Amino acid sequence: ELARHPRLMIKFGPIHGLGRDEAPFTDVLRLLQRTVEAFGAERCMWESDSGGPIEPKNPRDDMIASIALIRKAEFLTQSEQRLILSGTAEAFFFNR
């Protein structure tokens, strides 16, 4: 299992390509939950996959819906949501 490697992090996306490709993308919630359970929110970061390789049907609305999916995931605390949406990437890329 990859999650057992403590320095390994995971980008969660493109959400629009992980399920049925239709907003609000709730079909990928179980995958998100299992990913966070395995790696912890501090090792997960959202990615837009802006520019491909999987083109969204409606880029603006799909981007908003994929962020909303994480913000509305009942199994995530506000702290975990912040980590996934920005904190993990900030820590990784800017060493904060």
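To start, this report covers the structure provided alongside it. Numbering of residues starts from 1 in each chain and follows the order in which that chain's sequence is written. Only residues with pLDDT of at least 70 get local features here, since the model is predicted, and only at 80 or more are side-chain atom pairs given and counted; chain-wide, interface and lining totals rely on the full set of residues. Note that the side-chain values use all heavy atoms of the structure and ignore hydrogens as well as water.

1. Some words on the overall build of the chain
Thought 1: When its secondary structure is counted, the chain shows 4 helices and 2 strands.
Thought 2: Under the DSSP-based scheme used, a helix requires at least four consecutive residues in state H or I and a strand at least two consecutive residues in state E, with every element numbered from the N terminus. Ordered by position from N to C terminus, the α and β elements of the chain give β-α-α-β-α-α.
Thought 3: Our radius of gyration is a C-alpha quantity, and the globule rule it is checked against amounts to 2.2 Å times the number of residues to the power 0.38. What you see for the chain is a C-alpha radius of gyration of 13 Å, in line with the 12 Å of a compact globule of 96 residues.
Thought 4: Summed over its atoms, the accessible surface of the chain is roughly 6400 Å², and 51% of this surface lies on carbon and sulfur atoms.
Thought 5: Positive and negative charge centroids in the chain, built from 13 and 14 side chains respectively, lie 5 Å apart. Surface accessibility in these figures is a Shrake-Rupley result with a 1.4 Å probe; residues are shielded only by whichever protein chains are displayed. Charged-residue counts in this description rest on Lys and Arg as positive and Asp and Glu as negative, His and the chain ends being excluded. Just so you know, the charge point we use is NZ for Lys, CZ for Arg, CG for Asp and CD for Glu.

2. Structural notes on the pattern of salt bridges
Thought 1: Whenever a carboxyl oxygen of Asp or Glu lies within 4 Å of a side-chain nitrogen of Lys or Arg, that contact is scored as a salt bridge. According to the stated counting rule, one finds 2 salt bridges in the structure shown.
Thought 2: Residue Glu47 is joined to Lys11 by a salt bridge in which the shortest nitrogen-to-oxygen separation is 3.8 Å. A residue pair is termed long-range when its members are at least 10 positions apart, and Glu47 in the loop between β2 (44-46) and α3 (59-72) and Lys11 in strand β1 (residues 10-12) qualify at 36 residues.
Thought 3: Overall, Glu47 belongs to the buried group, its relative accessible area being 18%.
Thought 4: Arg60 is the salt-bridge partner of Asp61, the closest N and O atoms lying 3.0 Å from each other.
Thought 5: Relative accessibility decides the category of a residue: with a 1.4 Å probe and only protein chains considered, values under 20% of the type maximum give buried, values over 50% give exposed, and everything between is partly exposed. Looking at Arg60, the relative accessible area reads 60%, which means it is exposed.

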